[in-house]
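Architecture and fold: a report
Spelled out from the first residue to the last, the chains are:
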Amino acid sequence: MVKCSFCNRRAVYVSKTSGKAYCEKHFLEYFDRKVRRTIRKYRMLTGHEHIIIAVSGGKDSLSLIHYFSNLAKNVPGWKISALLIDEGIKGYRDEAIKDFLEVVEELKVDYKIVSFKEEIGLTLDEIVEKSKKLKLPYLPCSYCGVFRRYLLNKYARIMGGTVLATAHNLDDIIQTFLINVMKNDWNKIIRLTPVSRTGLHAKLVKRIKPFYEILEKETTLYAILNNIYPKHTSQCPYAVLSSRWHLRHFLNKLEEMNPGTKYSTLNSLLHVLETYSAKENVEQIGSCKICGEPSSHEICRACFFKMKLGLLNSQDFNG
Ligand code: SF4
Ligand code: ZN
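Residues numbered from 1 in each chain as written. Chains lettered and ligands numbered in written order. Predicted model: local features only at pLDDT ≥ 70, side-chain atom pairs only at ≥ 80, totals over all residues. Heavy atoms only, no water.

**A few points about the coordination of the zinc ion (ligand 2)**
Coordination of the zinc ion (ligand 2) by the protein involves Cys 288 (SG), Cys 291 (SG), Cys 300 (SG) and Cys 303 (SG), with metal-donor separations of 2.2 to 2.3 Å. For the zinc ion (ligand 2), the 4 donor atoms in the first shell make angles of 106 to 114° at the metal, a pattern classed as tetrahedral. Binding-site remark: the zinc ion (ligand 2) is held by donors from one chain whose sequence spacing is C-x2-C-x8-C-x2-C. Remark: Cys 303 occurs in helix 12 (residues 301-308) and Cys 291 occurs in the loop between strand 8 (286-287) and strand 9 (294-295); sequence separation between them is 12 residues. Judged by its relative accessible area of 27%, Cys 291 falls in the partly exposed class. (Donors = N, O, S within 2.8 Å, 3.2 Å for Na, K, Ca; no water. Tetrahedral: all angles 85-135°; square planar, octahedral: opposite > 155°, others 65-115°. Helix = DSSP H or I, 4+ residues; strand = E, 2+ residues; numbered from the N terminus. Buried < 20%, exposed > 50% of the residue type's maximum accessible area, 1.4 Å probe, protein only.)

Right, dumping it as structure tokens:
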């Protein structure tokens, strides 16, 4: 039995990079210290915030809402709400919503569920079917990501949020970084900051990633130890089609062979972001000509996809 490095209890977690072992109590303290340090280091929050937690119903976002609902008990100026986007993925998101409802009801957190069906006009499953019929490229994750980000910002604002917190962990961040290095898409890489730029558009809600420096296995263990690990175990049926799926397994293998690989990849990203922000000429973001939401092009990506899918009619173009 491996013992905790700080007491005599049984260890539930061993950090291969530091060599330290943690029992349940000391792991939860370590986790808390690490998240607080991330929030402070990147100046994510002030003493007065309405924090909207973007929740998918997966372990990371359930951990985030659990963590913040506890933290907020000691900060009188904070209000916490949850926002879930239901993309409409049969057998997957509908199951995750049950886990989400159990957790928010137990924690007594206000929440809102917004669906693709009501807001975009079709579920993601229907979008995928329609795109096939229209012979558009097969891109479920692109449709999903664009519409989800669009609705998260729009509804975080409608709910009166001052900040939108997402549950991206260190693994997610470095996967996105490496995917975009491979695609040579530097516009996406420079958006991988722990806190989004503010003041670019009045309708853009500030975004923060409090788990930026937390490993996926640590958010998983936090969820297990707090009894909020989702009951649904199914994977999104579209996930295997994405390069992220393969990269995730590859990075986990590399980390096994060379502990510390993930942290050093994150440090490389932080170096890129620092170098870039020193040179960057920040421009204001305009408004989409169709929906009025923030967009760096004349028409935002969500309206562009809706047009391709035949989901906009002529009066939308005049509005
Ligand atoms: Fe959406 Fe792709 Fe994630 Fe599935 S795997 S939830 S389609 S982004
Ligand atoms: Zn638009």
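Alright, that's what it looks like, and here's the rest.
**Things to note about the domain arrangement of the chain**
Examined at the domain level, the chain breaks down into domain 1 (1-32) and domain 2 (42-316). Each of domain 1 and domain 2 has a C-alpha centre, and the two are 30 Å apart. Taken residue by residue, the interface counts 10 residues in domain 1 and 16 residues in domain 2. Remark: the boundary between domain 1 and domain 2 carries 1 salt bridge. Of the charged contacts, one joins Glu 256 and Lys 16 as a salt bridge, the two residues approaching to 3.1 Å between their closest N and O atoms. For the pair domain 1 and domain 2, the interface holds 4 residue pairs in polar contact (both at pLDDT 80 or more). Top element by residues in the side of domain 1 that touches domain 2 is helix 1 (residues 24-41). It accounts for 6 residues. (Domains from an automatic or database assignment. Contact = heavy atoms within 4.5 Å. Salt bridge = Lys/Arg side-chain N within 4 Å of Asp/Glu carboxyl O. Polar contact = N/O pair within 3.5 Å; in protein donor to acceptor, adjacent residues only side chain to side chain.)

**Notes on the pattern of salt bridges**
Enumeration according to the criterion identifies 20 salt bridges in this entry. Lys 117 is the partner of Glu 126 in a salt bridge, and the nearest nitrogen-oxygen pair spans 3.0 Å. Taking the relative accessible area as the measure of exposure, Lys 117 reaches 40% and is therefore partly exposed. Note that Glu 298 is salt-bridged to Lys 289, the shortest N-O span being 3.7 Å. With respect to class, Glu 298 is no different from Lys 289; both count as exposed.

**Overview of the pairing of strand 5 (residues 110-115)**
Residues in a regular strand project their side chains so that they alternate between the two faces of the sheet. In this structure, strand 4 (residues 78-86) lies alongside strand 5, joined through 6 bridges in parallel fashion. Bridge pairing links Ala 82 to Tyr 111 in strand 5. This β-α-β element, strand 4 to helix 3 (residues 93-107) to strand 5, shows right-handed connectivity. (Pairing = 2+ DSSP bridges. Right-handed = clockwise from strand over helix to strand, strands pointing away.)

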